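Given next are the chains, with one letter for each unit.
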Amino acid sequence: MTVAMLTRELHEEVRALAEAKNAVILAHNYQRPEVQDVADYVGDSLGLSRQAAATEAETIVFCGVHFMAETAAILSPEKTVLLPDLGAGCSLAASIDAEQLREWKAQHPGAVVVSYVNTTAEVKAESDYCCTSGNAKFVIEEIPPEQEILFLPDMYLGLWLEKVTGRKLTIWLGECHVHAGIRPADIERWQEEAPDAELLVHPECGCASQAMAFGNERTQILSTEKMIDYARRSPKQRFLVATETGIIHRLQREAPGKRFEAVRDDAECRYMKLTTLEKVRDSLRDGKHRITVEAQLAERARLAIERMVAIGS
Ligand code: 13P
Ligand code: SF4
């Protein structure tokens, strides 16, 4: 049997199981192409959280990473949330734990805590607001200007937010290894090789490349889903993409005929790539791996997450 035949067979098996189990399959834009293709909804962290909150399905299969499934479990505690591979962590979420956040808060009494969604439930429970790259600017703008803001854990997203909001933030020094690995030289090279292309940059990318890109009318700094909206609507035909390479498949699907190139082919998140079609099938068939959040902890984390879901477009 060829790979294409096997993929088609697995795809059909997954769709049949999803229907039989009244399950919805949610996939992040960084997932493998064949996993994106089997999903009911593909999107960014914000869109996925909103889908998880709104779905009427009994089961959510989360093709993404652990904090995303955990967020879904907090938003929809009555639903079964499944993560196909328990190893799907996040280096950024691992850069701060609840104890470190409590200590940081103690050093800044009265500050408002804004946590990126890439955090554990324990960290969210210590936070006032959550945000994603899709709505972080609007979340910051909700907070009175005189209030000190502790922003965590991504320093590059924090620095970008300072630029776009004009607010000074107190920033945790965390980073995502995939986005931090995209270097200014990668972008410089492309700016020379493809002067006709537009550059789409994720705000988790290193500040040097953002600073270079910032203010340049050929460059857009966007969350993954906003990159897709932008590419669809832009009259431009060629785009360079500075984020995890999984998004290229989604861009090609949503804006066929346009040309998309990753600024670095090795910008791959090993955690996102752990989910395969076989694991999605096994997850649905065997009800594994169920993600639950202890009720009291979920209660403390819910307000910050609900604010995130409600703020911004
Ligand atoms: P968004 O898809 O929300 O832009 O997030 C990127 C990311 O790194 C998720 O882990
Ligand atoms: Fe975490 Fe970075 Fe992977 Fe996103 S790309 S899941 S931030 S390690």
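Residues numbered from 1 in each chain as written. Chains lettered and ligands numbered in written order. Predicted model: local features only at pLDDT ≥ 70, side-chain atom pairs only at ≥ 80, totals over all residues. Heavy atoms only, no water.

Chemist: Account for the layout of surface pockets, naming residues and giving values.
Modeler: Considered as a void within the structure, the largest pocket measures approximately 160 Å³ in volume. Among the elements that make up the lining of the largest pocket, the one with the highest residue count is helix α7 (residues 136–142) (3 residues). When grouped by side-chain class, the residues that make up the lining of the largest pocket number 5 nonpolar, 4 polar and 2 charged. (1 Å grid on protein atoms, 1.4 Å probe; cavity = no way out; pocket = protein on both sides within 12 Å on 5 of 7 lines; lining within 4 Å. Points joined across faces, edges and corners; volume = space filled by probe spheres on them. Helix = DSSP H or I, 4+ residues; strand = E, 2+ residues; numbered from the N terminus. Nonpolar A, V, L, I, M, F, W, Y, C, P; charged D, E, K, R; others polar.)

Chemist: Any details on the nonpolar core? Residues and values, ideally.
Modeler: Phe62, Val65, Val114, Phe151, Leu161 and Ile305 are the most contacted members of the largest nonpolar core, which has 75 residues in total. Among residues more than four places away in sequence, those in contact with valine 114 are Tyr129, Cys131, Val139, Ile140, Ile143, Ile149, Leu150, Phe151 and Leu152. Of all hydrophobic cores here, the second largest spans 17 residues; its members include Ala23, Val42, Cys63 and Leu82. (Core = buried A, V, L, I, M, F, W, Y, C linked by side-chain atoms within 4.5 Å. Buried < 20%, exposed > 50% of the residue type's maximum accessible area, 1.4 Å probe, protein only. Contact = heavy atoms within 4.5 Å.)

Chemist: A description of the site of ligand 1 should follow, citing residues and the corresponding values.
Modeler: Around ligand 1 lies a shell of 13 residues, among which His28, Ser45, Ser133, His202 and Thr224 are the nearest. Taking histidine 202, its side chain carries an N or O atom lying 2.8 Å from an oxygen atom of ligand 1. Out of a free accessible area of 300 Å², ligand 1 has 96% covered by protein chains. In a pocket analysis with a 2 Å cut-off to the grid points, ligand 1 is assigned to the largest cavity. Here the shell around ligand 1 is built from residues that sort into 4 nonpolar, 7 polar and 2 charged. (Near = heavy atom within 4 Å. Polar contact = N/O pair within 3.5 Å; in protein donor to acceptor, adjacent residues only side chain to side chain. Areas by Shrake-Rupley, 256 points an atom, 1.4 Å probe, with all protein chains shown as cover. Sits in = over half its atoms within 2 Å of the grid points.)

Chemist: Before we move on, could you go through the sheet that holds strand β9 (residues 198–201) and cite the residues and values that matter?
Modeler: Working definition: the strands of a sheet are paired by backbone hydrogen bonds and lie parallel or antiparallel to each other. Spatially, β10-β9-β11-β12 is the arrangement adopted by the 4 strands of the open sheet, whose pairing is parallel. Each edge of the open sheet is held by one strand with a lone partner, namely β10 (219–221) and β12 (259–262). In this sheet, neighbouring strand axes are inclined to one another by 20° on average, regardless of whether the strands run parallel or antiparallel. Where strand β11 (residues 238–242) and β12 come together, 4 bridges link them in parallel fashion. (Pairing = 2+ DSSP bridges. Axes fitted to C-alpha atoms, helices over the stretch in contact; angles between N-to-C directions.)

Chemist: Describe the site of ligand 2, and please don't skip the residues or the numbers.
Modeler: Around ligand 2, the neighbouring residues are Tyr30, Val65, Cys90, Ser91, Asn118, Cys176, His177, Glu204, Cys269 and Met272. Looking at side-chain class alone, the shell around ligand 2 contains 6 nonpolar, 3 polar and 1 charged residues.

Chemist: Outline a nonpolar patch on the surface, listing residues and values.
Modeler: On the surface, a cluster of nonpolar side chains totalling about 320 Å² of accessible area is made up of Met1, Met5 and Leu6. Within the secondary structure layout, methionine 5 lies in helix α1 (residues 3–20). (Patch = residues over 30% accessible without salt bridge, like charges linked within 9 Å, V, L, I, M, F, W, Y side chains within 5 Å. Salt bridge = Lys/Arg side-chain N within 4 Å of Asp/Glu carboxyl O.)

Chemist: Can you lay out the packing of aromatic side chains for me, pointing to particular residues and giving the numbers?
Modeler: Applying the stated criterion across every chain, the model contains 2 aromatic pairs. Aromatic side chains phenylalanine 239 and phenylalanine 260 sit 5.2 Å apart centroid to centroid with 20° between the ring planes, which places their arrangement in the stacked category. Pair noted here: phenylalanine 239 is in strand β11 and phenylalanine 260 is in strand β12, with a separation of 21 residues, a long-range link. In this structure phenylalanine 239 comes out as buried when scored by relative accessible area, which is 0%. A residue is classified by how much of its surface remains accessible, and phenylalanine 260, at 7% relative accessible area, is buried. In this arrangement the basic side chain of arginine 307 is found over the ring face of tyrosine 129, its NZ or CZ atom lying 4.4 Å from the centre. (Phe/Tyr/Trp six-rings, centres within 6.5 Å; stacked < 30°, edge-to-face > 60°. Lys NZ or Arg CZ within 6 Å of the ring centre and 35° of its normal.)

Chemist: Describe in detail the sheet that holds strand β6 (residues 129–131), supporting the description with residues and values.
Modeler: Taken in spatial order, the 4 strands of this open sheet run β6-β5-β7-β8, and their pairing is parallel. Of all the strands in the sheet, just β6 and β8 (170–171) have a single pairing partner and so form its edges. Of the pairings in the sheet, the one linking strand β7 (residues 149–152) to β8 comprises 2 bridges and is parallel in character. Bridging across to β8, leucine 150 finds its partner in threonine 170. In the packing of helix α5 (residues 98–107) onto the sheet, the strands contacted are β5 (112–116), β7 and β8, and the crossing angle to β7 comes to about 155°.

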